[in-house]
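# Secondary and tertiary structure notes
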Amino acid sequence: QVHLLESGGSVVQAGGSLRLSCAHSLRTANVYALAWFRQAPGKEREFVASIMWSITDYAESVRGRFTISRDNSENTVNLQMNTLKPEDTAVYYCAAGPNLSRSEYPFWGKGTQVTVSS
């Protein structure tokens, strides 16, 4: 069983920054892809960013503003979010899976709320 626990969600003003962190229980983290997804009220969950080894992928809506990183010594994957916009408001979820993709993740956290006020 893989456990994922997100933290760092908060209320922030538009233009501000926030850093999300996800603690995971993966024993061999390097062979897993780690990703962030988000779900806004009334919308489907959408891909935000992923990382495997040193390869990263970003949704177009966050490219250049968000940065995903992993710390294998701390068993975390982080999402640095800059220049936040009200449309970034969502519950953000951490996910883990065997391949770097935008959809195939069998393991999920419970999410952390990010609210961006205008």
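This text gives an overview of the structure that appears in the document. (Residues numbered from 1 in each chain as written. Predicted model: local features only at pLDDT ≥ 70, side-chain atom pairs only at ≥ 80, totals over all residues. Heavy atoms only, no water.)

## Some remarks on the nonpolar core
Counting 35 residues, the largest nonpolar core has Trp36, Leu79, Met81 and Tyr92 as the members making the most contacts within it. Contributing elements (two or more residues each) for this core: β3 (18-24), β4 (33-39), β5 (46-52), β7 (66-71), β8 (76-81), β9 (90-97) and β11 (112-117). (Core = buried A, V, L, I, M, F, W, Y, C linked by side-chain atoms within 4.5 Å. Buried < 20%, exposed > 50% of the residue type's maximum accessible area, 1.4 Å probe, protein only. Helix = DSSP H or I, 4+ residues; strand = E, 2+ residues; numbered from the N terminus.)

## Side note on the side chain of Thr112
With respect to the helices and strands, Thr112 occurs in strand β11. Only 3.0 Å separates the side chain of Thr112 from the backbone nitrogen of Gly9, close enough to count as a polar contact. (Polar contact = N/O pair within 3.5 Å; in protein donor to acceptor, adjacent residues only side chain to side chain.)

## Re the sheet that holds β3
What the 4 strands build is an open sheet, ordered β1-β3-β8-β7; its pairing is antiparallel. Each edge of the open sheet is held by one strand with a lone partner, namely β1 (4-7) and β7. Neighbour-to-neighbour, the strand axes of the sheet open up by a mean angle of 15 degrees, direction not taken into account. (Pairing = 2+ DSSP bridges. Axes fitted to C-alpha atoms, helices over the stretch in contact; angles between N-to-C directions.)

## Here's the deal with the state of the cysteines
The tally for this structure, following the rule as stated, stands at 1 disulfide. One disulfide bridge connects Cys22 with Cys94, the sulfur atoms lying 2.2 Å from each other. On the S-S bond that ties Cys22 to Cys94, the torsion sits near -80 degrees, and the link is left-handed. Here Cys22 is found in strand β3, whereas its partner Cys94 is found in strand β9, with 72 residues between them in sequence. For the residue pair Cys22 and Cys94, the accessibility class agrees, reading buried in each case. (Disulfide = S-S within 2.5 Å.)

## Quick look at unusual backbone geometry
Although it is not a glycine, Trp53 adopts a positive phi angle of roughly 55 degrees. Mapping Trp53 onto the fold places it in the loop between β5 and β6 (55-58). Unusually for a residue other than glycine, Asn75 sits at a positive phi of about 55 degrees. Structurally, Asn75 can be placed in the loop between β7 and β8.

## Description of the environment of Gly111
Residue position: Gly111 is located in the loop between β10 (107-108) and β11. Dropping the residues within four chain positions of it, Gly111 is found in contact with Glu6, Val91, Tyr92 and Tyr93. (Contact = heavy atoms within 4.5 Å.)

## Observations concerning the environment of Ala35
Residue position: Ala35 is located in strand β4. A residue is classified by how much of its surface remains accessible, and Ala35, at 0% relative accessible area, is buried. Sequence separation of Ala35 and Ile51 is 16 residues, and the distance between their C-alpha atoms is 6.3 Å.

## Re the side chain of Thr89
You can see Thr89 is positioned in the loop between β8 and β9. There is a polar contact of 2.9 Å between the side chain of Thr89 and the backbone oxygen of Pro86. Side-chain polar atoms of Thr89 contact the backbone nitrogen of Val116, separated by 2.8 Å. Once you skip the residues sitting within four places of it in the chain, Thr89 turns out to touch Ala40, Gln113, Val114, Thr115 and Val116.

The values are spatial; any link to function lies outside them.
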